[in-house]
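# Examination of the molecular architecture
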Amino acid sequence: MRHFDSDALAALVAVADFGSFTAAAEHLGKTQAAVSMSVARLEERLGKKLFERGHRRVTATVTGECLIGYARQIQSIEAEALESVADRVTESRVRLGMPDDFVGSIGEALLHRFSPQNRALYIDLSCDFSRKLRLMMNNGELDVAIVTQCAEDPPDQVFRYERQVWCTGPNGRPEDEEVLRLAMFSDECSARPRVFATLDRAGRAWRLAHTSSHVSGIHLAVASGSMLTVLPESAVPAGWRCLGEADGLPALPALPLVLLVSRSERLAARRLAAFLRCEFARPYEPGIGSVGWIATTEERELAPAGNKAGL
């Protein structure tokens, strides 16, 4: 075999990224049979299996993992080559959406590691809650989005598990109060019902003392040290106190994140998505919280007034 077919490599990478032939086919705008055939032909020509096809998910073999790495490099080099021989370098926009509590960690990587290597591409960033970002993706208003897992997402589409932590400002000890005073995102936040339910199961009384639709509002309320909040570990400001079970607070579930990519297969979107997977993919690990995330109907309908403090 003297060369690889670009479409076959694209199918290979898509199956690896989405964990199934069905999801890969939807992403590529092809039939499942066409994607399966592309991968099967690669396996036939190599004489080796590239994927183990399980009952519920597809996993790459050692050979598959090796080839997938090279396939990503080939796709990147192909994109650079197309840009270099174009009549003129055109600036390309990619529309990225994420909750704003991830802007600090992910945004820094985009500015310092992604943008310098992709000067002809600029990122149009939108920050909102996951529910709104999903609607924007469905309406074609975004190319790539990082969102919290919902009930419709297969578990194998989660690309990162984020540790959630209790935290407060450097001054004060709000965790010692009989009734915890919480500063939380507004009720559009999909993580909020889980936090309330976790406190209720632990028998800790609480009241909702402050809400905000932006992380800056949470920072302002919590910085004094009189309130507690829950943030992804990567979003906790420097100098804040992180709390846990030793402080009388219950363990929180891990926050599963899904990377949504437009089916349009725009080169800019594909390149950004590949960077995010490479830089931020994090499989589930013991110690970052329980893996169960999808809220029950009861938890989703839990209202702030239903807390143990009756406030």
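So, a few notes on the structure that sits alongside this text. Note that the structure is a prediction, hence the values are computed from the model and not measured.

With that settled, the discussion passes to the pairing of strand S6 (residues 158-162). For S6, a buried count of five out of five residues is recorded, marking the element as mostly surrounded by other parts of the structure. Judged from the four bridges that link them, S6 and strand S12 (residues 255-261) form a sheet pairing that is antiparallel. Across the sheet, the residue bridging to valine 158 is valine 258, located in S12.

Two elements in contact, helix H1 (residues 6-18) and helix H2 (residues 21-28), have axes whose closest approach is 8 Å; the angle formed by their N-to-C orientations is 125 degrees. With respect to their mutual orientation, H1 and H2 come out oblique. Helix-helix and strand crossings are classified by hand; for H1 and H2 the assignment is right-handed. Across the interface between the two elements, Ala10, Ala11, Ala14, Val15 and Phe18 from H1 touch Phe21, Ala23, Ala24, His27 and Leu28 from H2. Grouping the constituent residues of the contact of H1 with H2 by class yields nine nonpolar, one polar and no charged.

What follows is about the packing of aromatic side chains. Overall, the coordinates contain four aromatic pairs when judged by the stated rule. Ring plane angle 55 degrees and centroid distance 5.1 Å describe the contact between phenylalanine 114 and phenylalanine 275, whose orientation is recorded as tilted. Within this pair, whereas phenylalanine 114 is found in helix H5 (residues 103-114), its partner phenylalanine 275 is found in helix H9 (residues 267-280), the two being separated by 161 residues in sequence. A relative accessible area of 12% places phenylalanine 275 in the buried class. Measuring from centroid to centroid gives 6.0 Å for phenylalanine 129 and phenylalanine 185, while their planes differ by 85 degrees, and the two rings are edge-to-face. In this pair, phenylalanine 129 sits in the loop between strand S4 (121-127) and helix H6 (130-138) while phenylalanine 185 sits in strand S8 (residues 180-185), placing the two residues 56 residues apart along the sequence. Each member of the pair, phenylalanine 129 as well as phenylalanine 185, carries the same accessibility label: buried.

Considering all chains together, one arrives at zero disulfides under this definition. Free of any disulfide, cysteine 242 has its nearest neighbouring cysteine sulfur in cysteine 167, separated by 5.9 Å.

Moving on, we come to the sheet that holds strand S5 (residues 144-148). Spatial strand order, S4-S3-S5-S12-S6: five strands in an open sheet with mixed pairing. A single partner strand is all that each edge strand has here, and the edge strands are S4 and S6. Each neighbouring strand pair of the sheet contributes to a mean axis angle of 20 degrees, computed without reference to strand direction. Pairing geometry for strand S3 (residues 92-98) and S5, over two bridges, is parallel. Within the sheet, the bridge partner assigned to glycine 97 lies in S5 and is alanine 145. Across the face of the sheet, H5 comes into contact with S3, S4 and S5 while running at roughly 175 degrees to S4. Across the face of the sheet, H6 comes into contact with S3, S4, S5 and S12 while running at roughly 145 degrees to S5.

Attention now goes to the pattern of salt bridges. Going through the model one piece at a time under the given rule, you end up with 13 salt bridges. We note a salt bridge from arginine 72 to aspartate 17, for which the minimum N-O separation is 2.5 Å. Pair noted here: arginine 72 is in helix H4 (residues 62-84) and aspartate 17 is in helix H1, with a separation of 55 residues, a long-range link. Classification of aspartate 17 by relative accessible area gives buried; the value is 18%.

One can find threonine 168 in strand S7 (residues 164-168). Reaching out from threonine 168, the side chain makes a polar contact with the backbone oxygen of methionine 227 at a distance of 2.7 Å.

Time to look at the environment of serine 36. Locating serine 36 in the fold gives a position in helix H3 (residues 32-46). Serine 36 gets classed as partly exposed once you look at its relative accessible area, which sits at 25%. For the pair formed by serine 36 and alanine 24, sequence separation is twelve residues and the distance between their alpha carbons is 9.7 Å.

Scoring rules and cut-offs
- Residues numbered from 1 in each chain as written.
- Predicted model: local features only at pLDDT ≥ 70, side-chain atom pairs only at ≥ 80, totals over all residues.
- Heavy atoms only, no water.
- Buried < 20%, exposed > 50% of the residue type's maximum accessible area, 1.4 Å probe, protein only.
- Helix = DSSP H or I, 4+ residues; strand = E, 2+ residues; numbered from the N terminus.
- Pairing = 2+ DSSP bridges.
- Axes fitted to C-alpha atoms, helices over the stretch in contact; angles between N-to-C directions.
- Parallel < 35°, antiparallel > 145°, perpendicular 65-115°, else oblique.
- Left-handed = near helix turned anticlockwise from the far one by under 90°.
- Contact = heavy atoms within 4.5 Å.
- Nonpolar A, V, L, I, M, F, W, Y, C, P; charged D, E, K, R; others polar.
- Phe/Tyr/Trp six-rings, centres within 6.5 Å; stacked < 30°, edge-to-face > 60°.
- Disulfide = S-S within 2.5 Å.
- Salt bridge = Lys/Arg side-chain N within 4 Å of Asp/Glu carboxyl O.
- Polar contact = N/O pair within 3.5 Å; in protein donor to acceptor, adjacent residues only side chain to side chain.

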